[in-house]
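# Fold and contact review
Next come the chains, spelled out residue by residue.
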Amino acid sequence: MVTESEVRQAVAGARTVVVKVGSSSLTKPSGHLDAGRLGALVAALSAAATEGARVVLVSSGAIAAGFGPLGFDSRPADVATQQATAAVGQGLLMAQYEAAFGRFGVRVGQILITAEDTIRPQQYRNVQRTLGRLLDLGVVPIVNENDSLASNEIRFGDNDRLSALVANIVRADALVLLTDVDALYTAPPSQPDARRIGFVSDVVETLGDVTVTGPTSGVGTGGMVTKLEAARVAAVSGIPTVLTCASNAGPALMGDPVGTAFAPVKQRGSSRRLWIGFAAEPRGTIVVDAGAATAVRGGRASLLAAGALEVRGAFSAGDPVWIDDESGTHLARGLAGFDSEEIPQMLGRTTVQLRRFLGEEYAHPLVHRDNLVLV
Ligand SMILES: Nc1ncnc2c1ncn2[C@@H]1O[C@H](COP(=O)(O)OP(=O)(O)O)[C@@H](O)[C@H]1O
Ligand SMILES: N[C@@H](CCC(=O)OP(=O)(O)O)C(=O)O
């Protein structure tokens, strides 16, 4: 059982920390950057970086900083204009960060990620390697979703879940979520009976006890819902989290009892398995028979074609898929070893049959056990 003070100490002593800041903490309702608030955040992060912490900043705000200069009164609603606005706002955002961090002698580098980069093994490794190298070089990577290029169907939309994935990718010791409210409350803070929560020992249990809503600021996207989802992913990844307002960044990073501290609920798993378990939604499903379901549930078996009954959806080898039993219950998530169109001819075949009738390249599991995570 992890205590609140252990979580606070873990954040204060983190060698690598991921800090996520939301649009509403960096911008004005008019759609322009708020240089004062951005500067205060940068001062707190620079203090941590110059004391030796490896700091990754996941920053929203591209759209919220871009619509004012483009002459819009409010955040655009259609995707094409949002993407164009993000292209303008992202440059403005980075220019401000570059100047603000530069005052403290801290160098920054921009990394724009799409959800697909967290799905494809090659891209995932590239992201991991580049972030690692930037940190080794003493640079603060500033990460945002690549809004201008992300396809609408598979985008994070908010940066909360992205920040939890980035925390996994860089194997962070702590995650700090900065927003426009000082802590998690039992209900939206506008409600009179909402009470502040200082410590969450089990985020999975707490999820059922609090009332959360989507964004209220007019510029944010995910609201408290996606922040709790990020805290959950971090917790089950073994990463402690603190959620508070951006003006509390300094105290939060120093381990002061501000905001809400979330205890990790599990030992840290391997980064790759966490990615399979939490990255973007699977593209399809492989339905398995009872024998294969038992084997998969056991946690150490690959999914062989012999135990597969049906394939649904269109996916390519390397894409994440659900593995379901016959009643439709999700057993696991995994990375498909084959394209969906190759699988029907393999269903029910043993490895010997696959080798004999289809060739050596088919004599492999549909999902290898190293690429499979129970849910
Ligand atoms: N239970 C809750 N506790 C705290 N805040 C909540 C809760 N439910 C909803 N919220 C709202 O979530 C908002 C933060 O989400 P959002 O506007 O998306 O921020 P950001 O731009 O920082 O990502 C807060 O302003 C708050 O009004
Ligand atoms: N990637 C987007 C983030 C969208 C957004 O509003 O996110 P958030 O403020 O974290 O809820 C941007 O930079 O505008």
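Since the model is a prediction, treat every value here as computed from it, not as a measurement.

A few words on the overall build of the protein. Looking only at helices and strands, the protein has 13 helices and 15 strands in total. Along the first, second and third principal axes, the C-alpha atoms of the protein reach 70 × 45 × 45 Å. Residue pairs in contact within the protein that sit at least 24 positions apart in sequence constitute 74% of those at least 6 positions apart. Surface accessibility of the protein: about 15,900 Å² in total, with carbon and sulfur atoms responsible for 51%. In the protein, the 33 positive side-chain charges and the 37 negative ones have mean positions that sit 5 Å from each other.

This paragraph deals with the packing of helix H2 (residues 35-50) against helix H4 (residues 79-102). Relative to each other, H2 and H4 sit at 50 degrees, their axes nearing to 9 Å. In terms of their interaxial angle, H2 and H4 are classed as oblique. Here H2 runs over H4; the crossing is right-handed. On H4, the residues that touch Ala35, Leu38, Leu41, Val42, Leu45 and Ser46 of H2 are Leu93, Gln96, Tyr97, Ala100 and Phe101. Of the residues belonging to the contact of H2 with H4, the class tally is nine nonpolar, two polar and no charged.

Under the definition given, this model contains 13 salt bridges. Of the charged contacts in the structure, one is a salt bridge between Arg37 and Asp34, with a shortest N-O distance of 3.0 Å. Using a relative accessible area of 38% as the deciding quantity, one classes Arg37 as partly exposed. We note a salt bridge from Arg161 to Asp158, for which the minimum N-O separation is 2.5 Å. Salt bridges linked by common partners bring Lys20, Asp160 and Lys227 together as one network.

A few words now on the sheet that holds strand S13 (residues 320-324). Pairing between the strands of a sheet is mediated by backbone hydrogen bonds and can be parallel or antiparallel. Read across the sheet, five strands follow the order S12-S11-S13-S14-S15 without closing on themselves; strand pairing throughout is mixed. The open sheet has two edge strands, strand S12 (308-313) and strand S15 (372-374), and neither has a second partner. Neighbouring strand axes in the sheet, compared pairwise and without regard to direction, differ in orientation by 25 degrees on average. Pairing of S13 with strand S14 (residues 330-335), which is carried by five bridges, proceeds in the antiparallel orientation. Within S14, the residue paired with Pro320 across the bridge is Leu335.

Turning to the nonpolar core, a few remarks are in order. Residues Val18, Leu131, Val143, Val166, Leu184 and Phe262 are the most contacted members of the largest nonpolar core, which totals 44 residues. Put simply, the parts of the chain that give this core at least two residues each are strand S2 (54-59), strand S3 (108-113), helix H6 (121-136), helix H7 (160-169), strand S5 (174-179), strand S6 (184-185) and helix H9 (223-236). Ranked by the residues each element gives to this core, the list is headed by H9, at seven residues. With residues up to four places along the chain from it excluded, the contact list for Phe262 reads Val7, Leu184, Val200, Val203, Leu228, Ala231, Pro240, Thr241 and Leu243.

A few words now on the packing of aromatic side chains. Under the counting rule described, the total for this entry stands at two aromatic pairs. Both rings, one in Phe338 and one in Tyr362, keep their centres 5.7 Å apart while their planes meet at 10 degrees; by these two values the pair is stacked. With Phe338 in the loop between S14 and helix H13 (351-358) and Tyr362 in the loop between H13 and S15, this pair connects stretches of sequence that are 24 residues apart. Over the ring of Trp322 we find Arg333; its NZ or CZ atom is 5.2 Å from the centre of that ring.

The UniProt record annotates "binding site: ATP" (unreviewed entry) at Lys20, Thr179, Asp180, Thr221, Gly222, Gly223, Met224, Val225, Thr226 and Lys227. Along the chain, Gly223 turns up in helix H9. By the secondary structure assignment, Val225 is in helix H9.

Attention now goes to the pairing of strand S11 (residues 284-288). Among the five residues in S11, five count as buried, and that is most of the element. Of the two faces of S11, the one carrying Gly284, Ile286 and Val288 and the one carrying Thr285 and Val287 are both buried. Note that S11 and S12 share five bridges and pair antiparallel. By the bridge assignment, Thr285 is partnered in S12 with Arg312. For S11 and S13, the ladder comprises four bridges, and the chain directions are parallel. Considered in S13, the bridge of Thr285 is made with Trp322.

Taken residue by residue, the protein gives an average pLDDT of 90. The fraction at 70 or more is 93%. Both scores are given for the predicted complex: the pTM is 0.80, the ipTM 0.96.

For the rest of this paragraph, the subject is a nonpolar patch on the surface. Nonpolar side chains collect at one region of the surface, where Leu70, Phe72, Val88 and Leu92 lie side by side and expose about 290 Å² of accessible area between them. Its place among the elements puts Leu70 in the loop between helix H3 (62-66) and H4. Residue Leu70 is classed as partly exposed on the basis of its relative accessible area, which comes to 40%.

Let's shift gears to H7. Across the 10 residues of H7, nine count as buried, placing the element largely inside the fold. Here H7 has its buried residues at Asp160, Leu162, Ser163, Ala164, Leu165, Val166, Ala167, Asn168 and Ile169. Looking at the residues trailing H7, positive phi occurs at Arg171, about 55 degrees.

Procedures and definitions
As a convention, each chain's residues are numbered from 1 in the sequence order in which they are written. The order in which chains are written sets their letters, starting at A; the order in which ligands are written sets their numbers, starting at 1. Selection of residues for local features in this predicted model requires a pLDDT of at least 70, selection of side-chain atom pairs for listing and counting requires 80 or more, and totals for whole chains, interfaces and linings are taken over all residues. With hydrogens and water stripped out, all remaining heavy atoms of the structure feed into the side-chain values. The helix count covers DSSP runs of H or I at least four residues long, the strand count covers runs of E at least two residues long, and both are numbered beginning at the N terminus. By the convention used here, residues are in contact when the closest approach between their heavy atoms is within 4.5 Å. The protein chains shown are the only cover counted for residues, whose accessible areas, like all others here, come from Shrake-Rupley with a 1.4 Å probe. Charge assignment in this entry is limited to Lys and Arg as positive and Asp and Glu as negative, and neither His nor the chain termini are counted. The atom standing in for a charge is NZ when the residue is Lys, CZ when it is Arg, CG when it is Asp and CD when it is Glu. Angles shown run from 0 to 180 degrees and are taken between the N-to-C directions of axes, each axis being a line fitted to C-alpha atoms and, for helices, limited to the stretch in contact. Relative orientations are named as follows: roughly parallel for angles under 35 degrees, roughly antiparallel for angles over 145 degrees, roughly perpendicular for angles from 65 to 115 degrees, and oblique for any other angle. Crossing handedness: left-handed means the near helix sits turned counterclockwise from the far one by under a right angle, and right-handed means the same turn made clockwise. Residues are grouped as follows: Ala, Val, Leu, Ile, Met, Phe, Trp, Tyr, Cys and Pro are nonpolar; Asp, Glu, Lys and Arg are charged; every other residue, Gly included, is polar. For salt bridges, the criterion is a side-chain nitrogen of Lys or Arg within 4 Å of an Asp or Glu carboxyl oxygen. Exposed residues in this analysis have more than 50% of their type's maximum accessible area, buried residues have under 20%, and partly exposed residues fall in between, with area computed by a 1.4 Å probe over protein chains only. Whether two strands pair comes down to DSSP finding at least two bridges between them. Here the nonpolar core consists of buried residues drawn from Ala, Val, Leu, Ile, Met, Phe, Trp, Tyr and Cys, with membership extended through side-chain atoms lying within 4.5 Å. In summary, the pairing rule links any two rings of Phe, Tyr or Trp, Trp by its six-membered ring, whose centres are within 6.5 Å, and it sorts them by plane angle into stacked for under 30 degrees, edge-to-face for over 60 and tilted for everything else. In this analysis the charged atom, NZ for Lys or CZ for Arg, is taken to sit over a ring once it is within 6 Å of the ring centre and within 35 degrees of the ring normal. UniProt positions are given in the numbering used here, feature names are shortened, and annotations may be inferred rather than shown by experiment. A residue's pLDDT is simply how confident the predictor is in it, with values from 0 to 100. To count toward a patch, a residue needs a relative accessible area over 30% and no salt bridge; like charges are then connected within 9 Å, while nonpolar side chains (Val, Leu, Ile, Met, Phe, Trp, Tyr) are connected within 5 Å.

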